[in-house]
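Below are the chains, spelled out letter by letter.
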Amino acid sequence: MSEPARIAYFNGGSGVPSVIFRTPLLSRLEELGHHVRFYPCIPNRYEHWPLLGWRVSQTLKVAIRRWQIRSIANGSFDSVILETGALHSDDDVLEHELRRVARRLVYDIDDAVFLLFPEKIKRIAAMCDHVIAGNQAIADWIRPYNPSLSIIPTCVDERVYASKWESEQHASAGSLAGETGAVKIGWVGSAGNVALLKAILPAIEKLAEQKPLRFHIITARAAHESMDAGTKDLLRWIDIDRCDIAAELRQLDVGIMPLPEDHEWSTYKCNAKMIQYMASGLPTVASDVGFNRTLIEDGREGFLVRDLSQWQAAIDRLAGDAALRETMGRAAHVRVRAEFTVANRVDDYERAVLLRSRQVAE
């Protein structure tokens, strides 16, 4: 392997999806012998301490960030990864301070934050040595400001996310999920995105009147029971902070990924939840927009849909055909294993972060 390096990960903090899904890659770098130190935003870049209020929290957050930058300056790091931004604001003063102390600064962006702060993101991209983009659409936006760029999508740890069709639990339960009892439709995500489910809930409610369905929503407890369901027993709320997400997903039969087709943000989504579903062996019903079209071929790993009637038809078809769920779920798992796991992306990530390839010992 290449010589061990010291890497600083200047990130958005606990619970931020982009951090959650990059952490397994960083852990794999540590397994390869590199030393990684985390510098999280405290509290995370979207939150504040309620007892202190937003303004006081922001002042303390900036102070902590400056202390972290001083620590990085004294740490002799070979590379510093800047994840999305120091703070969720249009101010890039901290990023420039980080640039001054970083030997090599790599910008890792997997979301359309540039729609909120375009000028800030242009400046950050331009001042970094390299940019890691989460998908092609983000890369296309960033490239005019920094052509030194890698595309490394969201990926899952293949040692955690196993296909339900290959798990011991499935082997003992029988060959086809959902043959008895209710078919389980599921969604996993942050509390702020639960509102996206309201647009398709009527389709699921209507189907639930005709056949046994359960809708599992895996999210933060604060969002639980934020929707009214016409069928009392339809919804199952699962606390994302108190469950084994991978195990919960293997309990499902179908994953869903609704996105607003008329919102520019959807074009740039990296779609972690779809990759989680597919890694778990689930067929997915997803909005026909953005990266969803790259992840699945309509009719192969799932269905791409545009309106409520198509949502209802696709879920109805999968709910009524266990063999189709297995065929699509197995195809989805193969797709993810080929391109979206830590194992098959860690070399690319190491190269992007350190500007070198890992040398495998003979």
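Residues numbered from 1 in each chain as written. Predicted model: local features only at pLDDT ≥ 70, side-chain atom pairs only at ≥ 80, totals over all residues. Heavy atoms only, no water.

Moving on, we get to the confidence of the model for the protein. Summary statistics for the protein give a mean pLDDT of 92 and a share of 92% for residues scoring 70 or more. The model gives residues 171-180 a pLDDT under 50, and that stretch makes 18 contacts with residues more than four places away or in other chains. Per-residue pLDDT stays below 50 along residues 358-362; that stretch engages in 9 contacts with residues further than four places along the chain or on separate chains. (pLDDT = per-residue confidence, 0-100. Contact = heavy atoms within 4.5 Å.)

With that settled, consider the nonpolar core. In terms of nonpolar packing, the biggest core is built from 58 residues, with Phe 215, Ile 256 and Val 285 touching the most fellow members. Per-element tally for this core: the top contributor is helix H10 (residues 272-279), with 6 residues. Each residue touching Phe 215, except ones within four places of it in the same chain, is listed here: Ile 185, Gly 186, Trp 187, Leu 197, Leu 201, Ile 204, Leu 234, Leu 235, Arg 236 and Ile 256. Membership of the second largest hydrophobic core comes to 35 residues, among which are Ala 8, Leu 98, Ala 125 and Ile 142. (Core = buried A, V, L, I, M, F, W, Y, C linked by side-chain atoms within 4.5 Å. Buried < 20%, exposed > 50% of the residue type's maximum accessible area, 1.4 Å probe, protein only. Helix = DSSP H or I, 4+ residues; strand = E, 2+ residues; numbered from the N terminus.)

Among the 6 residues of strand E1 (residues 6-11), 5 are classified as buried, and the element is accordingly described as predominantly covered. For E1 and strand E2 (residues 35-40), the ladder comprises 6 bridges, and the chain directions are parallel. Of the residues in E2, the one forming a bridge with Tyr 9 is Phe 38. Note that the unit made of E1, helix H1 (residues 17-31) and E2 has a crossover that is right-handed. As judged from the 4 bridges shared by E1 and strand E3 (residues 79-83), these two strands associate in the parallel manner. Counted as the bridge partner of Phe 10 is Leu 82 from E3. (Pairing = 2+ DSSP bridges. Right-handed = clockwise from strand over helix to strand, strands pointing away.)

This next bit is on the sheet that holds strand E9 (residues 235-239). Hydrogen bonds between backbone atoms are what pair the strands of a sheet, whose relative direction is either parallel or antiparallel. In space, the 6 strands of this open sheet follow the order E9-E8-E7-E10-E11-E12, with parallel pairing throughout. A single partner strand is all that each edge strand has here, and the edge strands are E9 and strand E12 (302-305). Between one strand axis and the next, the sheet turns by 20° as a mean value, whatever way the strands run. Sheet analysis places strand E10 (residues 254-257) next to strand E11 (residues 284-287), joined by 3 bridges and oriented parallel. Across the sheet, Gly 255 pairs through a bridge with Thr 284, a residue of E11. Here helix H7 (residues 201-208) sits on the sheet and contacts strand E8 (213-219), E9 and E10; the angle it forms with E8, its principal contact strand, is near 145°. (Axes fitted to C-alpha atoms, helices over the stretch in contact; angles between N-to-C directions.)

As a further point, take the pairing of E3. Residues in a regular strand project their side chains so that they alternate between the two faces of the sheet. Most of E3 is tucked away: 5 of the 5 residues are buried. Burial along E3 is two-sided: Ser 79, Ile 81 and Glu 83 and Val 80 and Leu 82, pointing in opposite directions, are all buried. After leaving E3, the chain enters helix H3 (residues 93-101) and then returns to the sheet as strand E4 (residues 105-109), a path that is right-handed.

A separate point is the side chain of Asp 108. Among the structural elements, Asp 108 can be located in strand E4. Beyond its immediate stretch of four places on either side in the chain, Asp 108 contacts Arg 22, Ile 81, Leu 82, Glu 83, Thr 84, Ile 132 and Tyr 349.

As a further point, take the sheet that holds E4. An order of E2-E1-E3-E4-E5-E6 is seen for the 6 strands of this open sheet, with the pairing classed as parallel. For this open sheet the edge positions go to E2 and strand E6 (149-151), each flanked by a neighbour on one side alone. Between one strand and the next, the sheet's axes are offset by a mean angle of 20°, whatever the strand orientation. Lying on the sheet, H1 is in contact with E1, E2, E3, E4 and strand E5 (130-133); it crosses E1 at an angle near 175°.

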